[in-house]
Amino acid sequence: MTILKSVNHIAQENTYYLTNHQGTLVIDPGSNTNDILNKISSLGKSVTGILLTHAHCDHIISVDAIRKTFSSVPVYVSKQEANWLFSPKDNLSAFGGFEGLGDVIIQAADYFYDYDKEYELSGFRFKVVKTPGHTIGSVSIIFPEFEAVFTGDALFKETIGRTDLPTGNYNQLITSIKTQLLTLPKHYRVFPGHGPSTVISHEKIFNPYLT
């Protein structure tokens, strides 16, 4: 599996592209729609799915553009945030905090995450764990075979996600990180929704919110 990243202009949000010999997974397609579509096209693989770590607007803007451009692309989201995709109030686009961004309204997701399931999509094997605290339905996506976890806005390098937005909860986020992420092997790579990647061992030592 190869992991590629692009950084979007709205909120400097990270979109990830995971590729293998069978297809491409896209995690959190953000605001640079043309760049995202061009990146996917350049990989020359079918799009196996779109995985959303949570449903804030900066993480979902290009979902429908991918669906329109590449046929039969299933979208996965937490059931708790399913309605946020087409609710500008819930996905925060209604509040005008991002220059030039209007209401973000996305079609309904195809699947809700099953936290008891070990997923296999076109050769990608992963599991999804609940990591609420930034939002009520935030998840992290773990790829054991590749020793990597995609944490959305739960865990960043040497910091954590903000908890002052609707459904955020600081204590819940700390618990999520400590029980679901810091329990992973220390060498696992962490790919967050914003900023640079890190590893679990680094966060155990240097993250001031967790030491």
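The coordinates are above.
What comes next concerns the included structure.

Calculation notes
- Residues numbered from 1 in each chain as written.
- Predicted model: local features only at pLDDT ≥ 70, side-chain atom pairs only at ≥ 80, totals over all residues.
- Heavy atoms only, no water.
- Salt bridge = Lys/Arg side-chain N within 4 Å of Asp/Glu carboxyl O.
- Helix = DSSP H or I, 4+ residues; strand = E, 2+ residues; numbered from the N terminus.
- Buried < 20%, exposed > 50% of the residue type's maximum accessible area, 1.4 Å probe, protein only.
- Lys, Arg positive; Asp, Glu negative; His and termini not counted.
- Polar contact = N/O pair within 3.5 Å; in protein donor to acceptor, adjacent residues only side chain to side chain.
- Contact = heavy atoms within 4.5 Å.
- Pairing = 2+ DSSP bridges.
- Right-handed = clockwise from strand over helix to strand, strands pointing away.

### Focus on the pattern of salt bridges
According to the stated counting rule, one finds five salt bridges in the structure shown. The partner of arginine 67 in a salt bridge is aspartate 110, and the shortest N-O contact between them spans 3.3 Å. Here arginine 67 is found in helix α2 (residues 63–69), whereas its partner aspartate 110 is found in the loop between β5 (75–77) and β6 (111–112), with 43 residues between them in sequence. Among the residues examined, aspartate 110 registers a relative accessible area of 43% and is labelled partly exposed. Here the residues in one salt-bridge network are Asp64, Arg67 and Asp110, joined through shared partners.

### Observations concerning the side chain of glutamate 203
Here glutamate 203 lies in helix α4 (residues 200–206). Despite its burial, glutamate 203 pairs with no opposite charge; the closest candidate is lysine 157, at 6.7 Å N-O. Polar contacts involving the side chain of glutamate 203 include one to the side chain of asparagine 207, which spans 2.9 Å. Not counting the four nearest positions on each side in its chain, glutamate 203 is found in contact with Leu155, Phe156, Lys157, Glu158, Thr159, Thr198, Leu210 and Thr211.

### Brief notes about the pairing of strand β9 (residues 139–143)
Consecutive residues of a regular strand have side chains that alternate between opposite faces of the sheet. The buried fraction of β9 is high, at five of five residues. Inspection of the sheet shows strand β8 (residues 124–130) paired to β9 by four bridges, in the antiparallel sense. Within β9, the residue paired with valine 128 across the bridge is isoleucine 141. As paired elements, β9 and strand β10 (residues 148–152) share three bridges and run antiparallel to each other. Looking at the pairing, isoleucine 142 lines up with valine 149 of β10. In textbook terms, the turn of a hairpin is the stretch between consecutive antiparallel strands, and for β9 and β10 this stretch comprises four residues, one of which, glutamate 147, has a positive phi near 50 degrees.

### Here's the deal with the pairing of strand β4 (residues 47–51)
Most of β4 sits out of view: five of its five residues are buried. Note: strand β3 (residues 24–27) against β4, four bridges, orientation parallel. Bridging from a neighbouring strand, leucine 25 pairs with glycine 49 of β4. Traced from β3 through helix α1 (residues 33–43) to β4, the parallel crossover comes out right-handed. Examined bridge by bridge, β4 and β5 share two bridges and lie parallel to one another. Within β5, the position partnered with isoleucine 50 by the bridge is valine 75.

Honestly, it's all geometry; don't read function into it.
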